[in-house]
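Here's the letter readout for the chains.
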Amino acid sequence: MATAGVKQFKNFIGGEWVDAVSGQTFESVVPATGDVLGTFPRSGAEDVDRAVAAAKQAFADWRLVPAPERGTILLRFAQLLERDKQQLTDLMSHEMGKVLAEAGGDVQEAIDMAIYMAGEGRRMFGQTTPSELRDKFQMSVRLPVGVVGAITPWNFPIAIPAWKLTPALICGNTVVLKPAEDTPLLAERFVELLSEAGIPVGVVNIVHGFGEEAGDRLVRHPDVPVITFTGSRETGILVTKAAADNLKHVHLELGGKNGIIVMEDADLDLAAEGIAWSAFGTSGQRCTAASRVIVHEKVYDELAKRLVARAEAMRIGPGWEPDTDLGPVINRAAIEKIDAYSRIGEAEGAQLLTGGEAATDGDLAKGHYYRPTIFGRVDPEMRIAQEEIFGPTTALIPIADFDEAINVANGIRYGLSSAIFTRDVNRAFRAMRDLQTGITYINAGTTGAEVHLPFGGTKDTGNGHREAGNAALDVFTEWKSIYVDYSGKLQRAQIDNQ
Ligand code: NAD
């Protein structure tokens, strides 16, 4: 349904801005106020099919464009993101809700990634290695796979598309992006800037819409050999199953239940600051959010007191107001889910130390706000200590020693990020080795990845792939091994040299 007076946005397919074939639309809503930012095409199978056809056609030439030339376009894209950083930051604080400093960080991450991947255009190293036979040369090279289907969540609405599209593009693939339905305007700006940077027609396409409709079609489309997906574990399983019939490459970045260990020798001021930032930053809606704090009994009471004081001092409000500490969560369903977990925590017997309810004073009632929530004396097996809540809620779990801390930290299905606060270097090194996560921080919270190291998790957080750094190229390329025999005769490996 089109809404009168509200700007109508479109899909970008084969270089043209077009409506959904069905003419149907959906709205992007400001989580802080309920205002409508615009309407977007509610795309279906036909729209996805057109976008894939455009991307497939564009692949024929894009794969042949020299990678350094592709890199030049990505560098220009980085410069355009830099040019519009302030505007994108402001838009993100409205459409997604995060506070200005974090929204700026989200855009900066995309800039950093675009610069990094532009550089990959002049590296993309393969291997050369000696042959076991005389007069024979051999090497491996990376080749693009084809049309990449990219499906993204709303919590990093500029950074995550950059983490997926810039490596896909530098490797010579073309892309159909299906962004999250909660943040379509940011995705649309992202693609506009790529187009302005000089990405050829059809190389990047965007199809807005819902996961079960546009997303599912993209995952099943036979001409899309690679799916790169970031979202929840549950959706990741659906995507894997839907892609299985076509034996696609599926790259998954899923949920987390990240723990911070605080040992008795920790700098408690630093720990409290790191925990508050990791638990309540982005209103807890980060895959790396610290939703568990595994704390030594000896410092438990003191840390709990400091964390509660920090939580209660946070100013709740719209992300774009400069003194806001805690913005809204993404939508009404998120409030309901977070609140349901507060009730579950109470029913399980955890102590509610602060929060545990929506914030609805004055103008806050127009948006979706939840008070920073801390549960104390949480048993590691409770649901609030095991399941991803994705809101400003954290659980304090007391432990008696280092070994117990590691066991509790590892006693979950997810494996994204972990952290330990300690001044003991031996424990720090054991934690680096023994914590079963893709990322570990020493004396810092669970968030803060940089673009030149691999990003991703173990166990149910993913399926073995990584984003960022040059590990990201693995998802978007096939290795080809090439043997060149210049002996002028038939030489048989493993036979003629024995
Ligand atoms: P979600 O799984 O609900 O949706 C993610 C995307 O998948 C959206 O674009 C959605 O439209 C699409 N989708 C939904 N159903 C689909 C289907 N059946 N087929 C194809 N696509 C479908 O997740 P969300 O709420 O947008 O994001 C929050 C989740 O993302 C959390 O679990 C969080 O931990 C995770 N996340 C992980 C990382 C990481 O790098 N590991 C980063 C950010 C967020």
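Criteria and cut-off values
- Residues numbered from 1 in each chain as written.
- Predicted model: local features only at pLDDT ≥ 70, side-chain atom pairs only at ≥ 80, totals over all residues.
- Heavy atoms only, no water.
- Pairing = 2+ DSSP bridges.
- Helix = DSSP H or I, 4+ residues; strand = E, 2+ residues; numbered from the N terminus.
- 1 Å grid on protein atoms, 1.4 Å probe; cavity = no way out; pocket = protein on both sides within 12 Å on 5 of 7 lines; lining within 4 Å.
- Points joined across faces, edges and corners; volume = space filled by probe spheres on them.
- Nonpolar A, V, L, I, M, F, W, Y, C, P; charged D, E, K, R; others polar.
- Near = heavy atom within 4 Å.
- Polar contact = N/O pair within 3.5 Å; in protein donor to acceptor, adjacent residues only side chain to side chain.
- Areas by Shrake-Rupley, 256 points an atom, 1.4 Å probe, with all protein chains shown as cover.
- Domains from an automatic or database assignment.
- Salt bridge = Lys/Arg side-chain N within 4 Å of Asp/Glu carboxyl O.
- Buried < 20%, exposed > 50% of the residue type's maximum accessible area, 1.4 Å probe, protein only.
- Axes fitted to C-alpha atoms, helices over the stretch in contact; angles between N-to-C directions.
- Parallel < 35°, antiparallel > 145°, perpendicular 65-115°, else oblique.
- Contact = heavy atoms within 4.5 Å.
- Core = buried A, V, L, I, M, F, W, Y, C linked by side-chain atoms within 4.5 Å.
- Expected span 1.5 Å × (residues − 1).
- Bend = angle between axes of the 7 residues up to and from the residue.

Asks: Talk me through the sheet that holds strand β6 (residues 136–144); I want residue IDs and the actual numbers.
Replies: Across the sheet, which stays open at both edges, the 3 strands sit in the order β5-β6-β21 with antiparallel pairing between neighbours. The open sheet is flanked by β5 (127–128) and β21 (477–485), the only strands paired with a single partner. Bridge analysis of β6 against β21 gives 9 bridges, and the strand direction is antiparallel. Bridging from a neighbouring strand, Arg142 pairs with Trp479 of β21.

Asks: Please provide a residue-by-residue account of empty space enclosed by the protein, values included.
Replies: Within the structure shown, the criterion is met by 3 cavities of 30 Å³ or more. The calculated volume of the largest cavity comes to roughly 100 Å³. Lining the largest cavity are 15 residues, and of these Gly284, Ala289, Ser291, Glu388 and Phe390 lie nearest its centre. Residue composition of the lining of the largest cavity, by class: 6 nonpolar, 6 polar and 3 charged.

Asks: Describe the site of the ligand, with residues and values.
Replies: Around the ligand there are 30 residues in total, and Lys178, Glu181, Thr235, Leu254 and Glu388 lie nearest to it. Between an oxygen atom of the ligand and a main-chain N or O atom of Ser232, the distance comes to 2.9 Å. Within the complex, 89% of the 850 Å² of free accessible area of the ligand lies under protein. For the shell around the ligand, the secondary structure elements donating two or more residues are α7 (211–220), β10 (226–230) and α8 (233–244). In terms of residues, the shell around the ligand owes the most to one element, α7, which gives 4 residues. A per-class count over the shell around the ligand returns 14 nonpolar, 10 polar and 6 charged. Per-domain counts for the shell around the ligand show at least three residues from each of domain 1 (11–254 + 462–481) and domain 2 (258–442).

Asks: Before we move on, could you go through the pattern of salt bridges and cite the residues and values that matter?
Replies: On inspection of all chains with the given rule, the structure shows 37 salt bridges. Among the ionic pairs, Arg83 bridges to Glu196, the shortest N-O distance being 2.8 Å. In this pair, Arg83 sits in helix α2 (residues 67–83) while Glu196 sits in helix α6 (residues 184–197), placing the two residues 113 residues apart along the sequence. A relative accessible area of 45% places Glu196 in the partly exposed class. With a closest N to O distance of 2.8 Å, Arg383 and Glu387 form a salt bridge. Look at Arg383 and you get partly exposed, because its relative accessible area is 38%. Several salt bridges converge on common partners, so that one network encompasses Arg83, Asp84, Arg189, Glu192 and Glu196.

Asks: Residue-level account of the packing of α2 against helix α5 (residues 159–170), with values.
Replies: The geometry of α2 relative to α5 is characterised by a closest axis approach of 9 Å and an angle of 155 degrees between their N-to-C directions. By the angle between their directions, the pair α2 and α5 is classed as roughly antiparallel. The residues of α5 that touch α2, namely those facing Ala67, Arg70, Gly71, Leu74 and Phe77, are Thr166, Leu169 and Ile170. Along the lines of polarity and charge, the residues of the contact of α2 with α5 split into 5 nonpolar, 2 polar and 1 charged.

Asks: So what's going on with the nonpolar core? Which residues, and what values?
Replies: Of all hydrophobic cores here, the largest spans 130 residues; its most connected members are Leu165, Leu169, Leu194, Ile261, Val262, Leu303 and Val378. For this core, the element with the most residues is helix α4 (residues 100–120), which contributes 9 residues. Of the domains in this structure, domain 1 (11–254 + 462–481) and domain 2 (258–442) are the two that each give at least three residues to this core.

Asks: I'd like a description of the layout of surface pockets, backed by residues and values.
Replies: Considered as a void within the structure, the second largest pocket measures approximately 250 Å³ in volume. Considering the residues around the second largest pocket, the lining is formed by 16 residues, among which Glu102, Trp277, Met314, Thr324 and Asp325 are closest to the centre. Counting residues per element, the ones that place at least two in the lining of the second largest pocket are α4 and α9 (268–280). With 4 residues, the top contributor of residues to the lining of the second largest pocket is α9. Taken together, the residues of the lining of the second largest pocket sort by class into 8 nonpolar, 3 polar and 5 charged. Counting contributing residues, the lining of the second largest pocket receives three or more from each of domain 1 (11–254 + 462–481) and domain 2 (258–442).

Asks: An account of helix α10 (residues 297–313) is requested, with residue identities and associated values reported.
Replies: An ideal rise of 1.5 Å per residue puts 24 Å on 17 residues; α10 measures up with 25 Å between its terminal C-alpha atoms. Along α10, the largest kink reaches about 25 degrees and is centred on Leu303. The complete set of buried residues in α10 reads Val299, Tyr300, Leu303, Ala304, Leu307, Val308 and Ala311. Those residues of α10 hidden inside the fold are in contact with β12 (258–262), α9, β13 (290–296), β14 (351–354), β15 (373–376) and β16 (393–399).

Asks: Give me the lowdown on the pairing of strand β3 (residues 25–29), citing residues and values where you can.
Replies: For β3 and strand β4 (residues 36–41), the ladder comprises 5 bridges, and the chain directions are antiparallel. Bridge pairing links Phe26 to Phe40 in β4. Taken together, β3 and the strand that follows it, β4, pair antiparallel across an intervening segment of 6 residues, in which Gly34 is found at a positive phi of about 85 degrees.

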